[in-house]
Amino acid sequence: VLVHGPQGAPAVLAMSAGAANLGFSGFEGMLWIGPSGLISTFVLTLQGQELPTAKSFTLPPLAGLEGVTVWFQAVYPTLPGEFNAQQMLIGNASEIVLRH
């Protein structure tokens, strides 16, 4: 997964096994990852200068997982640890279908 943004800015990358248009107050229509399927979250420090910050994932053997969709979405708070819908950016959701 590649994430872009200003140098030194934090980004919270969320990974979910499901998608849902969440109805959090102030975030309507922006968050598409499903909280019930949330697998993990990662905090990344962005490189800026149009360089992507990469997060690699190792998949387990695909027995039983082939065809599963995994969703990713990045949230860019203006300050680390502060989530205010009026002062943050939320990236587009991306989906990856597992296959071999």
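We now turn to the structure provided with this report.

1. So, the pairing of strand 5 (residues 69–77)
Most of strand 5 is tucked away, with eight of its nine residues classed as buried. Relative to strand 5, strand 2 (residues 10–16) is paired through five bridges, and the arrangement is antiparallel. Its bridge partner being in strand 5, Leu13 is matched across the sheet by Ala74. As paired elements, strand 5 and strand 7 (residues 94–97) share four bridges and run antiparallel to each other. When the sheet's bridge partners are listed, Val70 is paired in strand 7 with Ile96. As defined by bridge partners, strand 5 adjoins strand 6 (residues 88–90) across three bridges and the pair is classed as antiparallel. Paired with Pro77 across the bridge in strand 6 is Met88.

2. Topic: the nonpolar core
In this structure, Val3, Ala9, Ala11, Leu13, Met15, Leu44, Leu46, Val70, Phe72, Ala74, Tyr76 and Leu98 together form the largest nonpolar core, which totals 12 residues. Breaking this core down by element, the ones donating at least two residues are strand 2 and strand 5. Looking at which element gives the most residues to this core, the answer is strand 5, with four residues.

3. Looking at the side chain of Ser16
You can see Ser16 is positioned in strand 2. Residue class for Ser16 comes out buried when judged on its relative accessible area of 0%. The residues touching Ser16, leaving out its near neighbours within four places in the chain, are Ile33, Gly34, Gly37, Leu38, Ile39, Thr69, Val70 and Trp71.

4. Section: the side chain of Gln73
Turning to its location among the elements, Gln73 is positioned in strand 5. Using a relative accessible area of 2% as the deciding quantity, one classes Gln73 as buried. Once residues within four sequence positions are removed from consideration, Gln73 is found in contact with Val12, Leu13, Ala14, Met30, Leu31, Trp32, Ile33, Ile90, Gly91, Asn92 and Ala93.

The rules behind these values
- Residues numbered from 1 in each chain as written.
- Predicted model: local features only at pLDDT ≥ 70, side-chain atom pairs only at ≥ 80, totals over all residues.
- Heavy atoms only, no water.
- Buried < 20%, exposed > 50% of the residue type's maximum accessible area, 1.4 Å probe, protein only.
- Helix = DSSP H or I, 4+ residues; strand = E, 2+ residues; numbered from the N terminus.
- Pairing = 2+ DSSP bridges.
- Core = buried A, V, L, I, M, F, W, Y, C linked by side-chain atoms within 4.5 Å.
- Contact = heavy atoms within 4.5 Å.

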